[in-house]
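Single-letter residue listing:
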Amino acid sequence: MSGTVPVRLREFTLDDYDAVYALWQNAGAGIGIGRSDTREEIAKKLRRDPDLFLVATDGGKIVGTVIGGYDGRRGLVYHLAVEHAYRGRGFGKLLMREIERRLRAKGCLKCYLLVAEGGKAVIEFYRQIGWEVMPVTLMGKTLEGAS
Ligand SMILES: CC(C)(COP(=O)(O)OP(=O)(O)OC[C@H]1O[C@@H](n2cnc3c(N)ncnc32)[C@H](O)[C@@H]1OP(=O)(O)O)[C@@H](O)C(=O)NCCC(=O)NCCS
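These numbers were taken from a predicted model, which means no experiment stands behind them. (Residues numbered from 1 in each chain as written. Predicted model: local features only at pLDDT ≥ 70, side-chain atom pairs only at ≥ 80, totals over all residues. Heavy atoms only, no water.)

**Thoughts on the sheet that holds strand β2 (residues 53–58)**
Then, number 1: Across the sheet, five strands lie side by side as β1-β2-β3-β4-β5; this open sheet has mixed pairing. Bordering the open sheet on either side are β1 (8–11) and β5 (111–113), each of which pairs with just one other strand. Each strand of the sheet is rotated relative to its neighbour by a mean of 25°, with strand direction disregarded.
Then, number 2: Inspection of the sheet shows β2 paired to strand β3 (residues 61–70) by six bridges, in the antiparallel sense. Following the sheet pairing, Leu-54 is matched in β3 by Val-66.
Then, number 3: Strand contacts of helix α1 (residues 17–26): β2, β3 and β4 (75–82), with the helix running at about 90° to β3, the strand carrying the most contacts. (Pairing = 2+ DSSP bridges. Helix = DSSP H or I, 4+ residues; strand = E, 2+ residues; numbered from the N terminus. Axes fitted to C-alpha atoms, helices over the stretch in contact; angles between N-to-C directions. Contact = heavy atoms within 4.5 Å.)

Shown next as structure tokens:
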């Protein structure tokens, strides 16, 4: 880690795609990479709300990510990840604080995120920054034929 350049946050651009994808691949079981993570799907996401995909950088190197979404009613947070060597230094918290601030600025009253089964340590992290486990069952459906 650079001793002189402070880690800072900025918005993701498609030029960051390969570095970000590699970071997600190395992040561990907490980050599930799926068909929404192809370059084409990420480009689609960026057309909708480019200000809700943030990266943390140390000099030119990407060391953290978070993606937010807002549908006019609820917010969603995806792919919070910090590179191993940078964990435990407050960057996860920083990324979350900024994505929450941006969601709130859009009028979002409440947001959700998904933690993979067995992610006890991650739940502890989120509790420490004010999130709570909700008594709901998550259901999902894959929509075929979407473009
Ligand atoms: C979850 C993750 C993003 C946290 O990032 P991080 O930069 O290490 O977290 P921070 O340093 O900002 O930690 C913030 C606080 O949570 C605590 N914390 C962090 N990880 C923790 C853990 N595994 N268990 C308990 N507490 C934890 C820290 O002690 C810190 O508390 P403090 O401010 O009182 O010191 C990182 O561990 C990660 O990338 N994990 C793999 C990907 C993943 O599972 N993402 C979640 C997807 S839902």
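**Points about the site of the ligand**
Then, number 1: Neighbouring the ligand are 20 residues; Leu-80, Val-82, Gly-88, Gly-90 and Lys-93 lie closest to it.
Then, number 2: One of the backbone nitrogen or oxygen atoms of Gly-92 is found 2.8 Å away from an oxygen atom of the ligand.
Then, number 3: Measuring from an oxygen atom of the ligand, one finds a side-chain N or O atom of Gln-128 at 2.9 Å.
Then, number 4: Across the complex, the protein chains shield 73% of the 930 Å² of accessible surface that the ligand would expose by itself.
Then, number 5: Residue assignment for the shell around the ligand shows that the elements contributing at least two residues are β4, α3 (91–105) and α4 (120–128).
Then, number 6: Sort the elements by how many residues they give to the shell around the ligand and α4 lands first, with six residues.
Then, number 7: Looking at the shell around the ligand residue by residue, the class counts come to eleven nonpolar, five polar and four charged. (Near = heavy atom within 4 Å. Polar contact = N/O pair within 3.5 Å; in protein donor to acceptor, adjacent residues only side chain to side chain. Areas by Shrake-Rupley, 256 points an atom, 1.4 Å probe, with all protein chains shown as cover. Nonpolar A, V, L, I, M, F, W, Y, C, P; charged D, E, K, R; others polar.)

**As for the side chain of Glu-98**
Then, number 1: Mapped onto the elements of the fold, Glu-98 is located in helix α3.
Then, number 2: Glu-98 gets classed as buried once you look at its relative accessible area, which sits at 16%.
Then, number 3: Side-chain polar atoms of Glu-98 contact the side chain of Arg-102, separated by 2.7 Å. (Buried < 20%, exposed > 50% of the residue type's maximum accessible area, 1.4 Å probe, protein only.)

**With respect to the side chain of His-79**
Then, number 1: Assignment of secondary structure puts His-79 in strand β4.
Then, number 2: At 3.1 Å, the side chain of His-79 forms a polar contact with the side chain of Asp-37.

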